[in-house]
Amino acid sequence: MTEPRDQPPIGEDDLQAYVDERLDAARLAHVRRYLAEHPEAAARVRAFAAQRDALRSALAHKASEPIPARLRVAHLRAGLRQRRWRQLRGAAAAVLLVLLGAGAGWLARGGWMGPAAPDAPPMAEAAAAHRVFAQEARRPAVLVAADADDLADWLTERLRTPVVVPDLLAAGFRPLDGHLLPSPHGPAGVVMYERVGGDTRLSFYVRPAPGTPAEPLRCADHPGGYVTYYWFDGRLGYAVTAALPREELREVAFAAAREVRAGPRRRADTRMASGQASPRVCVG
Amino acid sequence: MGGTPDAHAEPLPKDRMLTDRDARIEAAIPALRRFAWSLLRDPHAADDLVQDCLERALGRWRLRRRDGDLRAWLFAILYHAHVSGRRREARRARLLGEFAGLAEQATAAHAPDSAVQCAEVLQHLDSLPEEQRATLLLVGVEGLGYEETARVLGVPVGTVMSRLSRGRERLRRLTEGGGEPAAPVPLRVVR
């Protein structure tokens, strides 16, 4: 063992390191000797250790809780992949939009009037959007709202035409967040809903459809068990998508169509008048 | 997951690496949750912070220092997310506050955990400045070394030591229930 005279004088850091049991053997012996001679310092050190133990036991319960599912690494990794894929998809969609625009111009000149993709059912993109957003965690939403009217204001501004976001609370679904997507017809909006007290996701998709005549509700099945009900009102195209049985989704879709037909709700004017009707965009 | 014996002579290396990585990260999650909760004292916000931390960690896994301790690295990411998130948090609270429907969520989040109330030491801990609090927690509860703690907090080791000393002293005075002045640090030279 080292002689005391070889040791530098005791400092506050030695006392802390003593509490944390981070002293090497030689230093530890030195500090012990010091504490034996200085009861006041010894009392402080004892108090520090007791305090540390109290903290540890007060916080122990948190570390022994089971890990919530959403923090599982596999789950997080899947979420990240999805987000990256969505970004990629967004970029691809933008490119597609340009190509479609160019192609449409070229086709219009040639006088060809047929639909762009004759074999895809109408509004198939609504199911694609649902698939992407229904699996996503809540956080990277473009707009988080608790209220269908807030989302309606936001989409009205983004789509530059009055948009009604149906209040589906009576049907058991509450709005989670809204997303803006490119569509070949201009910006489209998706509002994700979540079943109250459950985790079934349902999406309401809306996009411009100026050339399409009004058409009542129709149904389309998509791979993965998703069902879409869609309709047009001569101005916009709408779709309600969820992985639900047809009969069940039909009820919700009818309710949504009724809401949309009824038009904007009362408080839209007060909000617009406030001037600060700007979207509440949550980044991150 | 984790302890499955190698049935195949040639397992997919990528899968193996991912599983191993996941297991190592997940081993740190309970401590990360505890640290986040100690800082925020709100279970939802704490888990949001941990999620944020883990997503960042997965995103920059390749930037991790090979020789460094994984736990310390994760704690550092979490702490930085916490510090940089506070500004954003204030903005978000303002934004969300405008939505009437979130009122219930807000009250639920602010309700104190029942476990907190019995722990007087946590109340005292709350009254410490944040950087002292984080230091005390990392060293005393999470068991990080002084150098690791310094790296997590982005300060020199000397700063960790003085925060530790001041924080513990303050906590001691609070616990002993007095305005008793700080005991002068005996620095007598032993000869």
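One numbering rule holds for all chains: residues counted from 1, following each sequence as written. Written order decides the labels, with chains lettered from A and ligands numbered from 1. Only residues with pLDDT of at least 70 are given local features in this predicted model, and only at 80 or more are side-chain atom pairs given and counted; all residues enter the totals for whole chains, interfaces and linings. For side-chain calculations, the full set of non-hydrogen atoms in the structure is used, while hydrogens and water are omitted.

Re the overall build of chain B
Next, step 1: Helix and strand assignments come from DSSP, with helices taken as H or I runs of at least 4 residues and strands as E runs of at least 2, each series counted from the N terminus. Helices and strands together make up the secondary structure of chain B, namely nine helices and zero strands.
Next, step 2: Moving toward the C terminus, one meets the helices and strands of chain B in the order α-α-α-α-α-α-α-α-α.
Next, step 3: The contacts in chain B between residues at least 6 apart in sequence include a share of 64% that link residues at least 24 apart.
Next, step 4: Exposure was quantified through the Shrake-Rupley algorithm and a 1.4 Å probe, taking into account, for residues, occlusion by the shown protein chains and nothing else. Taken as a whole, chain B presents about 10300 Å² of accessible surface, with 54% of it coming from carbon and sulfur. Any pair of residues with heavy atoms lying within 4.5 Å of one another is described as a contacting pair.

Some thoughts on the overall build of chain A
Next, step 1: Counting its secondary structure elements, chain A contains eight helices and seven strands.
Next, step 2: When accessible area is computed with a 1.4 Å probe and restricted to protein chains, residues below 20% of their type maximum are described as buried, those above 50% as exposed, and intermediate ones as partly exposed. Burial analysis of chain A (284 residues in total) assigns 42% to the buried set.
Next, step 3: The contacts of chain A with a sequence gap of at least 6 include a subset with a gap of at least 24, amounting to 57%.
Next, step 4: A total of about 14500 Å² of accessible surface is found on chain A, and carbon and sulfur atoms cover 59% of it.

What about the nonpolar core?
The nonpolar side chains of a soluble globular protein tend to be buried, and buried together.
Next, step 1: Residues Leu32, Phe35, Leu78 and Val152 of chain B are the most contacted members of the largest nonpolar core, which totals 67 residues.
Next, step 2: By residue number, the principal contributor to this core is helix 3 (residues 70-97) of chain B, which donates ten residues.
Next, step 3: Residues contacting Val152 of chain B, with those up to four places away along its chain left out, are Ala72, Phe75, Ala76, Tyr79, His80, Leu138 and Leu144 of chain B.
Next, step 4: Joining through side-chain atoms within 4.5 Å is the link that ties buried Ala, Val, Leu, Ile, Met, Phe, Trp, Tyr and Cys residues into a set, and such a set is a nonpolar core. Counting residues in each nonpolar core, the second largest holds 30 residues, with Leu202, Tyr229, Ala253 and Ala257 of chain A among its members.

Describing the pattern of salt bridges
Next, step 1: Only one rule defines a salt bridge in this text: a Lys or Arg side-chain nitrogen within 4 Å of an Asp or Glu carboxyl oxygen. The full count for this structure, using the stated rule, is 20 salt bridges over all chains.
Next, step 2: The shortest N-O distance in the salt bridge between Glu65 of chain A and Lys62 of chain A comes to 3.3 Å.
Next, step 3: According to the relative accessible area criterion, Glu65 of chain A is partly exposed, its value standing at 28%.
Next, step 4: By relative accessible area, Lys62 of chain A is classed as buried at 3%.
Next, step 5: The salt bridge partner of Asp47 of chain B is Arg33 of chain B, with a shortest N-O separation of 2.9 Å. With Asp47 of chain B in helix 2 (residues 43-59) and Arg33 of chain B in helix 1 (residues 13-40), this residue pair connects regions lying 14 residues apart in the sequence.

Observations regarding helix 7 (residues 246-262) of chain A
Residue and element names in this part refer to chain A.
Next, step 1: Between its first and last C-alpha, helix 7 extends 24 Å over 17 residues, near the 24 Å set by a 1.5 Å rise per residue.
Next, step 2: For helix 7, every residue scored as buried is listed here: Leu249, Val252, Ala253, Ala255, Ala256, Ala257 and Val260.
Next, step 3: The secondary structure elements touched by the buried residues of helix 7 are strand 2 (173-183), strand 4 (201-208), strand 5 (215-222), strand 6 (226-232) and strand 7 (236-242).
Next, step 4: The positive-phi residue at the C-terminal boundary of helix 7 is Gly263, with phi of around 90°. The span expected for a helix works out to 1.5 Å for each residue beyond the first.

Notes on unusual backbone geometry
Residue and element names in this part refer to chain A.
Next, step 1: Although it is not a glycine, Glu21 sits at a positive phi angle of roughly 55°.
Next, step 2: One can find Glu21 in the loop between helix 1 (12-19) and helix 2 (25-37).
Next, step 3: Take Glu21: its relative accessible area is 67%, and that puts it in the exposed class.
Next, step 4: For Arg160, which is not a glycine, the phi torsion comes out positive at approximately 55°.
Next, step 5: When you line up the elements, Arg160 lands in the loop between helix 6 (148-159) and strand 2.

Observations regarding empty space enclosed by the protein
Any empty space left between atoms is shown by rolling a water-sized probe over those atoms.
Next, step 1: With a 1 Å grid spanning the protein atoms alone, the term cavity applies to any set of points in which a 1.4 Å probe fits but cannot get out, the term pocket to an open set with protein on both sides within 12 Å along at least five of seven lines, and the term lining residue to any residue with an atom within 4 Å of a point. Grid points are joined across faces, edges and corners, and a volume is the space filled by probe spheres set on the points. Inspection of every chain in the model, using the stated rule, returns one cavity of 30 Å³ or more.
Next, step 2: Of the pockets and cavities examined, the largest cavity occupies roughly 40 Å³.
Next, step 3: Around the largest cavity sit Phe48, Gln51, Arg52 and Leu55 of chain A together with Leu136, Gly140, Arg168 and Leu171 of chain B, which together line it.
Next, step 4: At the level of secondary structure, the elements contributing two or more residues to the lining of the largest cavity comprise helix 3 (39-64) of chain A together with helix 7 (130-141) and helix 9 (157-175) of chain B.
Next, step 5: Per-element accounting of the lining of the largest cavity gives the leading share, four residues, to helix 3 of chain A.
Next, step 6: Under the scheme applied here, ten amino acids are nonpolar (Ala, Val, Leu, Ile, Met, Phe, Trp, Tyr, Cys and Pro), four are charged (Asp, Glu, Lys and Arg), and all others, including Gly, are polar. The class makeup of the residues in the lining of the largest cavity is four nonpolar, two polar and two charged.

Brief notes about the environment of Arg33 of chain B
Next, step 1: Judged by its relative accessible area of 4%, Arg33 of chain B falls in the buried class.
Next, step 2: Leaving out residues up to four positions away in the same chain, Arg33 of chain B has contacts with Lys62, Glu65, Pro66, Pro68 and Leu71 of chain A together with Asp47 and Val50 of chain B.

Focus on the packing of helix 3 of chain A against helix 9 of chain B
Next, step 1: Helix axes use the C-alpha atoms of the stretch in contact, all axes being lines fitted to C-alpha atoms, and the angles between their N-to-C directions lie in the range 0 to 180 degrees. Running from amino to carboxyl end, helix 3 of chain A crosses helix 9 of chain B at an angle of 90°, the nearest separation of the two axes being 10 Å. Between helix 3 of chain A and helix 9 of chain B, the angle is such that the two are roughly perpendicular. Where helix 3 of chain A approaches helix 9 of chain B, its residues Arg44, Ala47, Phe48 and Gln51 of chain A are matched on the opposing element by Arg168, Glu169, Leu171 and Arg172 of chain B. Note that the term roughly parallel is reserved for angles under 35 degrees, roughly antiparallel for angles over 145, roughly perpendicular for angles of 65 to 115, and oblique for everything else.

Observations regarding the confidence of the model for chain A
Residue and element names in this part refer to chain A.
Next, step 1: Taken residue by residue, chain A gives an average pLDDT of 78. The fraction at 70 or more is 78%.
Next, step 2: The predictor attaches a confidence to each residue, and that confidence, scored 0 to 100, is pLDDT. Within the model, the stretch residues 136-141 combines pLDDT values under 50 with 19 contacts to residues more than four positions away or in other chains.
Next, step 3: Segment residues 267-284 is flagged for pLDDT under 50; beyond a separation of four residues in sequence, or across chains, it makes 35 contacts in the model.

Re the packing of aromatic side chains
Next, step 1: Paired rings are identified among Phe, Tyr and Trp, the last through its six-membered ring, by centres lying within 6.5 Å, and are further divided according to the angle between planes into stacked (under 30 degrees), edge-to-face (over 60) and tilted (the rest). The tally for this structure, following the rule as stated, stands at five aromatic pairs over all chains.
Next, step 2: Each ring, one from Trp231 of chain A and one from Tyr238 of chain A, has its centre 5.2 Å from the other, and the planes form 20°; the classification is stacked.
Next, step 3: Overall, Trp231 of chain A belongs to the buried group, its relative accessible area being 6%.
Next, step 4: For Tyr238 of chain A, a relative accessible area of 1% corresponds to the buried category.
Next, step 5: Ring geometry for Phe35 of chain B versus Phe75 of chain B: centroids 5.3 Å apart, planes at 80°, classification edge-to-face. Here Phe35 of chain B, found in helix 1, pairs with Phe75 of chain B, found in helix 3; they are 40 residues apart in sequence, far enough to count as distant.

Describing the pairing of strand 6 of chain A
All names here are of chain A.
Next, step 1: Across the seven residues that make up strand 6, a large majority, seven, are buried.
Next, step 2: Side chains Tyr226, Thr228, Tyr230 and Phe232 project from strand 6 onto one buried face, and the interleaved Val227, Tyr229 and Trp231 project onto a second face that is buried too.
Next, step 3: DSSP bridges decide pairing: two strands pair if at least two such bridges lie between them. Examined bridge by bridge, strand 5 and strand 6 share six bridges and lie antiparallel to one another. Considered in strand 6, the bridge of Asp221 is made with Val227.
Next, step 4: Remark: three residues form the turn of the hairpin made by strand 5 and strand 6, two consecutive strands paired antiparallel; Gly224 in that turn has positive phi of roughly 90°.

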